[in-house]
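# Observations on the three-dimensional arrangement
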Amino acid sequence: MTSLESARELLREFPVADGHNDLPWALREQVRYDLDARDVAADQSAHLHTDIPRLRQGGVGAQYWSVYVRTDSPDPVAATLEQIDCVRQLLARHPGDLRPALTAADMEAARGEGRIASLMGAEGGHSIANSLGTLRGLYGLGVRYLTLTHNDNVDWADSATDEPRAGGLTAFGREVVREMNRVGMLVDLSHVAATTMRDALDTSTAPVVFSHSSARAVCDHPRNIPDDVLERLPVNGGVAMVTFVPKFVLQAAVDWTAAADENMRAHGFHHLDTTAEAMKVHRAFEERRPRPVATVATVADHLDHMREVAGIDHLGIGGDYDGTAFTPDGLDDVSGYPNLLAELLERGWSKADLAKLTWKNAVRVLGAAEDVARGLQATRSPSNATIESLDG
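In short, a report on the structure. Chains are numbered independently. Their residues run from 1 in the order of the written sequence. At least 70 in pLDDT is required for a residue's local features to be given in this predicted model, at least 80 for side-chain atom pairs to be given and counted, and no such filter applies to totals for whole chains, interfaces and linings, which use all residues. Each side-chain value is derived from all of the structure's non-hydrogen atoms; neither hydrogens nor water enter the calculation.

### What about the overall build of the chain?
To keep things clear, this is the line we draw: Secondary structure elements follow DSSP: runs of H or I of four or more residues count as helices, runs of E of two or more count as strands, with numbering from the N terminus. For this measure, only C-alpha atoms enter the radius of gyration; the expected value for a globule follows 2.2 Å times N^0.38, where N is the number of residues. Working definition: with a 1.4 Å probe on protein chains only, accessible area under 20% of the residue-type maximum means buried, over 50% means exposed, and in between means partly exposed. Contacts between residues were defined by any pair of non-hydrogen atoms, one from each residue, lying within 4.5 Å. In this description, accessible areas are obtained by the Shrake-Rupley approach with a 1.4 Å probe, and a residue is regarded as covered only by the protein chains that are shown.
A count of helices and strands for the chain gives 17 helices and 9 strands. Over its C-alpha atoms the chain spans a radius of gyration of 19 Å, differing by no more than 12% from the 21 Å that the globule rule assigns to 392 residues. Here the C-alpha coordinates of the chain stretch approximately 55 × 50 × 45 Å along the principal axes. Counting over 392 residues, the chain shows a buried share of 59%. Restricting to contacts in the chain with at least 6 residues of sequence separation, those with at least 24 account for 72%. Of the roughly 14400 Å² of accessible surface on the chain, a fraction of 49% belongs to carbon and sulfur atoms.

Structure follows, in structure tokens:
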């Protein structure tokens, strides 16, 4: 049996629980949620990284659908609600393939049924508009993690890709983390500054996640996780989910992306814009200056390092499909996960290791957050603190 065949066999028992997929945002941007125009029951490879046939081909058994909205959205809470509604529409349209999931038990039930457990994660603290009541509201609607920032700072937390302002978390930011622990929402530290990571780990009594981040020691990008933070995951119990985005995993791509982003801004586009017009600008730049190409081996290098530093019990996968313009060779879309597992098998990873990477760790960390929440709810009432009262 080849390594690829072995990888596919393993995925039939322990499928991928992926931490981050931006399909809802792509559907918003491309067709304004016209799900007939982008019917994911059929091959959408001309437009998307994600559809149900390729999820099946890739061995995906659980997916956190990101309900991301841009930090400059005029009404981020309403936009986040629209994103949640998009996920709900997808689940209603495809009940044979997608199963709503709120808990670790739901994830296991979906696996038993052969359906894809569908969870939601909100990407960026701007989605709660400095309101703990809104945070609880999102949890009530099914959101199971909140990434504390996106690319820009929020009033109470520093982002990895903005100028430091809070020095990590403010007092209100720490209260956000505590309230997330109390309700059972995972604290997601992708996108945040290293100072914010450390403050969150100091504050959280539940395991944290990095829904889509890689190792800073392998690729020096501020979006990645420093080793001192990875070293804290065994005590915290958290999980770091490696991402595939070339500009976060390949150093040459980091440098190329900085130039490409500047080119986008010079043409009047946001650097994250993936509309047809923006992509024309991207492609023209790439013709002039070919982009460095990441591969399956590039991602495996990160996982090798992260396993050495954090341990196999603290690793997962968060591809960031449909949230990036470019993907590594061999990981072109959601059908590519078996290629990564085959590479890891060839590097000596055991099937037990891979089962933890793909499925077990992601299920465990959500279940652990639920356990912490049950304990806290027995002793602590909902927090009604405001940013004004705590940060002044």
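### Looking at the side chain of Asn181
As for its placement among the helices and strands, Asn181 is situated in helix α7 (residues 171–183). Here Asn181 falls in the buried class, since its relative accessible area comes to 3%.

### Brief notes about the side chain of Asp320
We apply this condition: None of His or the chain ends enter the tally, which takes Lys and Arg as positive and Asp and Glu as negative. Should a side-chain nitrogen of Lys or Arg be within 4 Å of a carboxyl oxygen of Asp or Glu, the pair is scored as a salt bridge.
By the element assignment, Asp320 lies in the loop between β9 (315–317) and α15 (337–346). Within the buried core, Asp320 has no salt-bridge partner, and the shortest N-O distance to an opposite charge, that of Arg223, equals 5.2 Å. Other than its neighbours up to four places away in sequence, Asp320 contacts His20, Asp22, His212, Thr243 and Val245.

### Focus on the packing of aromatic side chains
Rules: Classification of ring pairs rests on two measures: the distance between centres of Phe, Tyr or Trp rings, Trp counted by its six-membered ring, which must be within 6.5 Å, and the angle between planes, read as stacked under 30 degrees, edge-to-face over 60 and tilted in between. In this scheme, Lys NZ or Arg CZ marks a charge over a ring once it lies within 6 Å of the ring centre and within 35 degrees of the ring normal.
The full count for this structure, using the stated rule, is 8 aromatic pairs. With 6.4 Å between their ring centres and 75° between their planes, Trp156 and Phe172 make a pair best called edge-to-face. Taken as a pair, Trp156 in the loop between β5 (143–147) and α7 and Phe172 in helix α7 lie far apart in primary sequence, 16 residues in all. Accessibility expressed as a relative area gives 0% for Trp156, which makes it buried. Classification of Phe172 by relative accessible area gives buried; the value is 0%. For the pair Trp256 and Phe326, a centre-to-centre distance of 5.6 Å together with 75° between the ring planes defines the contact as edge-to-face. Residue Trp256 is located in helix α12 (residues 251–266), and its partner Phe326 is located in the loop between β9 and α15; the two are separated by 70 residues in the primary sequence. Across this residue pair, the class does not change: Trp256 and Phe326 are buried. When the ring centre of Phe248 is taken as reference, the NZ or CZ atom of Arg223 above it lies at 4.6 Å. For Arg307, the ring lying beneath its charged end belongs to Trp349, and the centroid distance is 4.2 Å.

Shape is all these values report; function is a separate question.
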